[in-house]
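# Geometric and topological summary
Here are the chains, one letter per residue:
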Amino acid sequence: MIQDPLFYAAAIPAVLIVGISKSGMGGGSLGILSIPILSLVASPSVGAAIMLPLLIAMDIMGLIAFRGKGDMRNLRILIPAALVGITVGALTFRFTSDAMLRGLIGILSISFVVQRLMGLGSAAVPTQPSIVKGSLWGAMSGFTSFIANAGGPPFVIYLAPQQLDKLVFVGTSVIFFSVINAVKVVPFIALGLFDTRNLTTSLALLPLAPIGYWLGLKMLMKVNQVRFYQITVAALFLAGCKLLWDAAGAYLG
């Protein structure tokens, strides 16, 4: 198990932020904000390996809390596409530029938010599930989740315009990312991203998972439908800015 106190000073708030995000606040995009915190004290691969068991624990909580709330029409489109994206990510993991991918998702996220703010996306008219769009963004979400822990923004870009009930939106997110995170375990093992030190560190941080999730649920239940989507779009914008900042730093620094 990692013994460095500085690691836990960063990891504890990171896990709490992920818990709040996983329970629905910000549509799941807020979790990206935990990545730079954890990267201060651990490499991206170590951080991903430590976080994955915690994410799976939060997924189990979500499946219980939001059982029966998922939109099956969207899930039938998104999940197969995400599995393709994960497969591509696993096969190209050693060769993919993390910085370039983060920059691309950052630009797409910011562009989506700007478009909606300008009224160019007909935000008042809910969209319908789309096989073409759902397959594209589902595959992108699976791929970016595996490569860069950034699966949330593509998911939000696809689902937010449908303006689903907030509990249905979160329930769909819970099922979708539960499948993604469970499937990621096998390639993570194959790539040697798990070891005893990482797994025991995950175990030490595990009690924080229900605390963060509970905090997020309390916030979710207090916001109305309109405010929920305002927070979701704002979180997507922040996530996009952070991803773009990380990409620029990698190339300029």
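Everything here concerns the structure above.
A few points on the structure.

Take the packing of aromatic side chains next. By the definition in use, this model includes seven aromatic pairs. Measuring from centroid to centroid gives 5.0 Å for phenylalanine 7 and tyrosine 8, while their planes differ by 90°, and the two rings are edge-to-face. In terms of burial, phenylalanine 7 and tyrosine 8 fall into one category: buried. With 4.9 Å between their ring centres and 80° between their planes, phenylalanine 176 and phenylalanine 177 make a pair best called edge-to-face. This pair shows no difference in class: phenylalanine 176 is buried, exactly as phenylalanine 177 is. Taken together, the aromatic side chains of Phe155, Phe169, Phe176 and Phe177 make up a single cluster linked through ring pairs.

Put simply, helix H7 (residues 152-159) and helix H8 (residues 166-190) touch, their axes get as near as 12 Å, and they point 140° apart. Viewed along their axes, H7 and H8 adopt a mutual orientation that is oblique. For H7 against H8, the interelement crossing comes out right-handed. Contacts from Gly152, Phe155, Val156 and Leu159 in H7 reach Phe169, Thr172, Ser173, Phe176 and Phe177 in H8. Considered class by class, the residues forming the contact of H7 with H8 number six nonpolar, three polar and no charged.

A few words on unusual backbone geometry. Even without being a glycine, glutamine 163 presents a positive backbone phi close to 50°. Mapping glutamine 163 onto the fold places it in the loop between H7 and H8.

The next subject is the pattern of salt bridges. This model, assessed by the stated rule, comprises two salt bridges. When the shortest N-O distance is used, the salt bridge between aspartate 59 and lysine 22 registers 2.4 Å. Here aspartate 59 is found in helix H3 (residues 44-65), whereas its partner lysine 22 is found in helix H1 (residues 5-22), with 37 residues between them in sequence. For the pair aspartate 59 and lysine 22, a shared accessibility class is recorded, and that class is buried.

Let's shift gears to the layout of surface pockets. With a probe scaled to a water molecule rolled over the atoms, the places where space remains empty come into view. By volume, the second largest pocket is sized at about 310 Å³. Elements that contribute at least two residues to the lining of the second largest pocket include exactly helix H5 (98-117), helix H6 (131-148) and H7. Ranked by residues supplied to the lining of the second largest pocket, first place goes to H5 with five residues. Of the residues that constitute the lining of the second largest pocket, the class distribution is six nonpolar, seven polar and two charged.

Membership of the largest hydrophobic core comes to 64 residues, with the highest contact counts inside it found for Phe7, Phe155, Phe169, Phe176 and Leu205. Sorting elements by how many residues they give to this core places H3 first, with nine residues.

Now for the environment of leucine 6. Structurally, the position occupied by leucine 6 is in helix H1. Looking at leucine 6, the relative accessible area reads 60%, which means it is exposed. Note: C-alpha distance between leucine 6 and valine 114 (108 residues apart in sequence) is 38 Å.

Residues three or four positions apart in an α-helix share a direction because the helix packs 3.6 residues into each turn. Over its 18 residues, H1 runs 26 Å from end to end, which matches the ideal 26 Å to within 8%, given 1.5 Å per residue. Buried within H1 we find Phe7, Tyr8, Ala10, Ala11, Ala14, Val15, Val18, Gly19, Ile20, Ser21 and Lys22. Backbone geometry just after H1 places glycine 24 at a positive phi near 120°.

Another point: the environment of methionine 100. Mapped onto the elements, methionine 100 comes out in helix H5. Spatially, the C-alpha atoms of methionine 100 and lysine 133 are 22 Å apart, while their sequence positions differ by 33 residues.

Running from N to C, H6 and H7 point in directions that differ by 165°, and their axes come no closer than 7 Å. Considering their axes alone, H6 and H7 lie roughly antiparallel with respect to each other. Once H6 is placed against H7, the crossing between them reads as left-handed. When H6 is examined against H7, the residues Lys133, Gly134, Trp137, Met140, Ser141 and Thr144 are found in contact with a partner set consisting of Pro154, Phe155, Ile157 and Tyr158. For the contact of H6 with H7, the class distribution of residues is six nonpolar, three polar and one charged.

Quick notes on the rules
- Residues numbered from 1 in each chain as written.
- Predicted model: local features only at pLDDT ≥ 70, side-chain atom pairs only at ≥ 80, totals over all residues.
- Heavy atoms only, no water.
- Phe/Tyr/Trp six-rings, centres within 6.5 Å; stacked < 30°, edge-to-face > 60°.
- Buried < 20%, exposed > 50% of the residue type's maximum accessible area, 1.4 Å probe, protein only.
- Axes fitted to C-alpha atoms, helices over the stretch in contact; angles between N-to-C directions.
- Helix = DSSP H or I, 4+ residues; strand = E, 2+ residues; numbered from the N terminus.
- Parallel < 35°, antiparallel > 145°, perpendicular 65-115°, else oblique.
- Left-handed = near helix turned anticlockwise from the far one by under 90°.
- Contact = heavy atoms within 4.5 Å.
- Nonpolar A, V, L, I, M, F, W, Y, C, P; charged D, E, K, R; others polar.
- Salt bridge = Lys/Arg side-chain N within 4 Å of Asp/Glu carboxyl O.
- 1 Å grid on protein atoms, 1.4 Å probe; cavity = no way out; pocket = protein on both sides within 12 Å on 5 of 7 lines; lining within 4 Å.
- Points joined across faces, edges and corners; volume = space filled by probe spheres on them.
- Core = buried A, V, L, I, M, F, W, Y, C linked by side-chain atoms within 4.5 Å.
- Expected span 1.5 Å × (residues − 1).

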